[in-house]
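Chains, contacts and geometry: an overview
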Amino acid sequence: MGYFSQRKKRARENLFMLFSLVGLFFVYFILFFELGSADFLLKLRSFLFHIYLFNLLMLFYIGFHQKYIYLGICFALLTVGYTSLTAQARLFFNYQKDSPQELQVTYKKGKNAQIYVRQNSLEEPMNKGQIFLSPNLHSPFLTISQSGEEYTLISVDFSKVSEQEKHIALKNLETYVLMQNNTVIIYGDFGMPAWSKTFQQFLTKTDLSVKNKIIFSDGRKKFSFWNIPSINLISFKNIGLNSIQVQPKNITFNLNL
């Protein structure tokens, strides 16, 4: 490659790095100061993890080209993105807990009228029924006793209702959780990522936390990269999650109680 061709190539690479960093800066700036309509911010925040991955790729790309000033800026932006995501979500690892007590729950897309539980010594349910969360949402619950402890399992699917109804449903679910004296385990499709403001407020008020790493599935396909990660299992600190099995229309969480 000739001298002028190399200069043009380096100029294109520098321009790409510059525009990418400027774009990332404005995205984080808009989200931090909440500039724009509520719908726009909601959509942009939904893809925050994908933006973070692009930021991470840019870090490696800039590092390969040894542009150290750009590298410092990129690392600072990556830190902002990581902090925003991990305020409530778990990115790459499950929350684990050492315990001989195990429980397996399965979420099946479109079949949230039932709760699927598996444990060798599982006792008969103490209570079960439906929780009225909104005009279009009724979530099944099941209360079981295991090794002297009581657990209430709730399966949710908020994927087909409006944002307003999700707010109502989470508010009513929050009231239900705060009324319980036992450990609550909620799993399914919340219709929003764990780092959305509405979900973060729900977790903070109920003292629940996300146990699973990000799941790249919509509950129908085994893997869907561009899907907004909205399937989670949440519970209190005494619950761990040692593994997740994702199959088409079937996501199984293996818990440590």
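Just above sits the structure.
The sections below set out a description of the structure shown in this document. Quick caveat, the model's predicted, so the values are computed rather than measured.

The rules behind these values
Residues numbered from 1 in each chain as written. Predicted model: local features only at pLDDT ≥ 70, side-chain atom pairs only at ≥ 80, totals over all residues. Heavy atoms only, no water. Pairing = 2+ DSSP bridges. Helix = DSSP H or I, 4+ residues; strand = E, 2+ residues; numbered from the N terminus. Patch = residues over 30% accessible without salt bridge, like charges linked within 9 Å, V, L, I, M, F, W, Y side chains within 5 Å. Areas by Shrake-Rupley, 256 points an atom, 1.4 Å probe, with all protein chains shown as cover. Salt bridge = Lys/Arg side-chain N within 4 Å of Asp/Glu carboxyl O. Buried < 20%, exposed > 50% of the residue type's maximum accessible area, 1.4 Å probe, protein only. Axes fitted to C-alpha atoms, helices over the stretch in contact; angles between N-to-C directions. Parallel < 35°, antiparallel > 145°, perpendicular 65-115°, else oblique. Contact = heavy atoms within 4.5 Å. Nonpolar A, V, L, I, M, F, W, Y, C, P; charged D, E, K, R; others polar.

This brings us to the pairing of strand E3 (residues 127-134). Note: E3 against strand E4 (residues 137-146), 7 bridges, orientation antiparallel. Along E4, the bridge assignment pairs Ser134 with Leu137. The antiparallel hairpin formed by E3 and E4 contains 2 residues in its connecting segment.

Mapped onto the elements, Leu78 comes out in helix H4 (residues 68-86). As a C-alpha pair, Leu78 and Leu53 span 25 residues in sequence and 9.0 Å in three-dimensional space.

The grouping of Leu15, Leu18, Phe19, Val22, Phe25, Phe26, Phe29, Phe32, Phe33 and Leu35 at the surface amounts to a nonpolar patch, some 1000 Å² of accessible area in total. Considering the arrangement of structural elements, one finds Phe19 in helix H1 (residues 3-33). Given the relative accessible area of 58%, Phe19 is considered exposed.

Attention now moves to the packing of helix H5 (residues 163-179) against helix H6 (residues 197-206). Each pair of packed helices gets described by two things: the angle between the helix axes and the distance between those axes. Running from N to C, H5 and H6 cross one another at 10°; their axes reach a closest spacing of 10 Å. For the element pair H5 / H6, the angle class is roughly parallel. For the pair H5 and H6, the contacting residues are His167, Leu170, Lys171, Leu173, Glu174, Val177 and Leu178 in the first and Thr198, Phe202, Lys205 and Thr206 in the second. In terms of residue class, the contact of H5 with H6 is made up of 5 nonpolar, 3 polar and 3 charged.

In terms of residue burial, strand E10 (residues 250-256) counts as a mostly covered element, since 6 of its 7 residues are buried. As judged from the 6 bridges shared by strand E1 (residues 102-107) and E10, these two strands associate in the antiparallel manner. Residue pairing in the sheet places Thr106 in a bridge with Thr252 of E10. Pairing of strand E9 (residues 240-247) with E10 involves 7 bridges; the strand directions are antiparallel. Each bridged residue has a counterpart across the sheet, and for Gly240 the counterpart in E10 is Asn256. Hairpin connection between E9 and E10: a loop of 2 residues separates the two successive antiparallel strands, and Lys249 in this loop has a positive phi of roughly 65°.

Another aspect to go through is the pattern of salt bridges. What the rule picks out here adds up to 5 salt bridges. As a salt-bridge pair, Lys109 and Asp157 come within 3.6 Å of each other at their nearest N and O atoms. Of the two residues, Lys109 sits in the loop between E1 and strand E2 (116-118) while Asp157 sits in strand E5 (residues 149-157), which places them 48 residues apart along the sequence. Given the relative accessible area of 11%, Asp157 is considered buried. The salt bridge involving Asp189 is made with Lys109; its shortest N-O contact spans 2.7 Å. Here Lys109 lies in the loop between E1 and E2 and Asp189 lies in strand E6 (residues 183-189), a separation of 80 residues in the sequence. As far as burial versus exposure is concerned, Asp189 and Lys109 are alike and both buried. Linked through salt bridges whose partners overlap, the residues forming this network are Lys109, Asp157 and Asp189.

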